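# Tertiary structure, described
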Amino acid sequence: MHLDSSLIGWQVPELPEELGESGRRTPELGAVKAIIRRWLSGDVGDMSRAQIAVSDWLYDLVRGNVRRGRAFELDEVLSTRRADCLGYARLFSALGAEFSLEIGVVEVLIDNTGRYVPHHVGLLNLADGTHRFLDAWYGSRDIDHRRLGALVNGKPGDINVEELGGISDLRGLPETCLEAITLYIRGNGCLAGNELDKAIEYYSMAIQLYPNNSRAYYNRAIAREGKGEAAAAQADYAQALHDDSSLIRVLATTYGLEELIRLDEKGVSEREQAIYLWHKGYKTGASAGYEEIGCEFGDSPQEVKNIIDRVAGLCTS
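Attention now moves to the state of the cysteines. Enumeration according to the criterion identifies 0 disulfides in this entry. Counting only cysteine sulfurs, Cys177 is the nearest neighbor of Cys85, a cysteine outside any disulfide, at a range of 16 Å.

Following this line, the structure appears as structure tokens:
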């Protein structure tokens, strides 16, 4: 699917005030692309600050037009305007290239609360050598997850957030790894449907492209065990569990993440989502109380509690 044609009809948020365009009618997206590219290619002074402004605008563009859903491949994201975390990260990467930003896709292995999760975010590389992580699923323009899978100094590897400052070259995963993740997800669908031979085929292709992903070994072991191939299953289990880094991936669970899809399905406003996600700890890694959130959003603690209770009820219904 051609990216430009897929964006026709998208609602365009107000341009970053740094462009000096505030108060003027927001142009169509194609014109916005030209304006931003021209701005970032000129003398903007603090380039990193300019990139952050565009990144924040891009985040609003994506969240304003694409809701949480099950789509993880870019074509489906664009056609349905729904995305899971991988779909969002791929969309950020594709749109970043259109707006002169370097955004790649990275895995999240341990999130900002300490949960072991199968999750993905967009990695924005800034001109000053620092990074920002765009996470539309958790509702954050720049999130601090604790352990990531990325391209580290030219090789796929897993790193803790404390190591970021010592890495000279951090980028999104190469396309081969992203293809492997897609194959792994397809394998999971086959495994759930008891199509064991097909699942093994998908997992094997995923392992060949991205051997760091121990989840593919583990799930292939489950499929092989289901076929009665005990020796082959044991070999895969051993590979999947051979060190702490591999174990972290195997222990990942979507528990708690699935409820977030209902925020969009139930039509919860962005403001109420922000309050709920902050309270639950998704945005900052620690749960915030009613009074703290009320000070941030200008609501009374009771109003905050009412919002959180209402949203929680929608998420569990």
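After that view of the structure, there is still more to cover.
What follows concerns helix α5 (residues 85–98). A rise of 1.5 Å per residue sets the reference length of α5, with its 14 residues, at 20 Å; its end C-alpha atoms lie 20 Å apart and thus fit the reference within 8%. Taken together, the buried positions of α5 are Cys85, Leu86, Gly87, Tyr88, Ala89, Arg90, Leu91, Phe92, Ala94, Leu95, Gly96 and Glu98. A side-chain oxygen of the first residue of α5 lies 3.1 Å from the backbone nitrogen of Leu86; this N-cap is Asp84. One or two residues past the end of α5 sits Ser100, with phi positive at roughly 65 degrees.

Let us look at the pattern of salt bridges. In this structure the tally under the stated criterion is 24 salt bridges. One salt bridge in this structure joins Asp4 and Lys33, with 2.9 Å as the shortest N-O distance. Of this pair, Asp4 sits in helix α1 (residues 3–6) while Lys33 sits in helix α2 (residues 29–41), and the two are 29 residues apart along the sequence. Under the relative-accessibility criterion, Lys33 is labelled buried at 12%. Of the charged contacts, one joins Asp197 and Lys227 as a salt bridge, the two residues approaching to 2.7 Å between their closest N and O atoms.

Next up on the list: the layout of surface pockets. Here the largest pocket is characterised by a volume of approximately 600 Å³. If you go around the largest pocket, you meet 24 residues; those closest to its centre are Asp84, Pro118, Ile185, Thr254 and Glu258. Counting only elements with at least two residues in the lining of the largest pocket, the list comes to α5, β4 (116–125) and α6 (175–192). For the lining of the largest pocket, the per-class residue count stands at 11 nonpolar, 8 polar and 5 charged.

The subject of this paragraph is the nonpolar core. Trp10, Trp57, Leu58, Leu95, Phe133 and Leu170 are the most contacted members of the largest nonpolar core, which totals 70 residues. For this core, the element with the highest residue contribution is helix α3 (residues 47–65), accounting for 8 residues. Each residue touching Leu58, except ones within four places of it in the same chain, is listed here: Phe92, Leu95, Gly96, Phe99, Leu101 and Ile103. Residues Phe72, Tyr184, Tyr203 and Ala240 belong to the second largest nonpolar core, which totals 26 residues.

Glancing now at the pairing of strand β7 (residues 155–160). Across 6 bridges, the pairing between strand β6 (residues 147–152) and β7 is antiparallel. When the bridges of β7 are listed, Leu151 appears paired with Pro156. Between β6 and β7, which pair antiparallel one after the other, the connecting turn spans 2 residues, and Asn153 there sits at a positive phi close to 50 degrees.

Here we come to the pairing of strand β3 (residues 102–110). The buried fraction of β3 amounts to 8 of the 9 residues, a majority that puts the element mostly inside the structure. Pairing of β3 with β4 involves 8 bridges; the strand directions are antiparallel. Looking at β4, one finds that Glu102 is bridged to Asn125. Counting the residues that bridge the hairpin from β3 to β4 gives 5 residues, and of these Gly114 lies at a positive phi of roughly 100 degrees. Bridge analysis of β3 against β6 gives 3 bridges, and the strand direction is antiparallel. In the sheet register, Glu107 faces β6, and the bridge partner there is Gly149.

Rules behind the numbers
- Sequence order as written defines the numbering, with residues in each chain counted from 1.
- Side-chain atom pairs in this predicted model are given and counted only at pLDDT of 80 or more, local residue features only at pLDDT of at least 70, and totals for whole chains, interfaces and linings cover all residues.
- No hydrogens and no water enter the side-chain calculation; it runs on all heavy atoms of the structure.
- We call a pair of cysteine sulfur atoms a disulfide whenever their separation is within 2.5 Å.
- A run of H or I in DSSP counts as a helix once it spans at least four residues, and a run of E counts as a strand once it spans at least two, with each numbered from the N terminus.
- Any helix carries an expected span of 1.5 Å times its number of residues minus one.
- Each residue's exposure class comes from its accessible area (1.4 Å probe, protein chains only) as a fraction of the maximum for that residue type: buried when under 20%, exposed when over 50%, partly exposed otherwise.
- Between N or O atoms, a polar contact is any pair within 3.5 Å; within protein, one atom must be a potential hydrogen donor and the other a potential acceptor, and residues adjacent in sequence are included only when both atoms are from side chains.
- In the sections that follow, a salt bridge refers to a side-chain nitrogen of Lys or Arg positioned within 4 Å of a carboxyl oxygen of Asp or Glu.
- In this analysis the probe radius is 1.4 Å and the grid spacing 1 Å, with only protein atoms considered; a cavity is a set of points the probe fits into but cannot get out of, a pocket is an open set with protein on both sides within 12 Å along at least five of seven lines, and lining residues have an atom within 4 Å of a point.
- Grid points are joined across faces, edges and corners, and a volume is the space filled by probe spheres set on the points.
- Residues are grouped as follows: Ala, Val, Leu, Ile, Met, Phe, Trp, Tyr, Cys and Pro are nonpolar; Asp, Glu, Lys and Arg are charged; all remaining types, including Gly, are polar.
- Definition of nonpolar core: a set of buried residues of the types Ala, Val, Leu, Ile, Met, Phe, Trp, Tyr and Cys, connected through side-chain atoms within 4.5 Å.
- Residue contacts are counted whenever heavy atoms from the two residues lie within 4.5 Å of one another.
- Pairing between strands is defined by DSSP: at least two bridges between them are needed.

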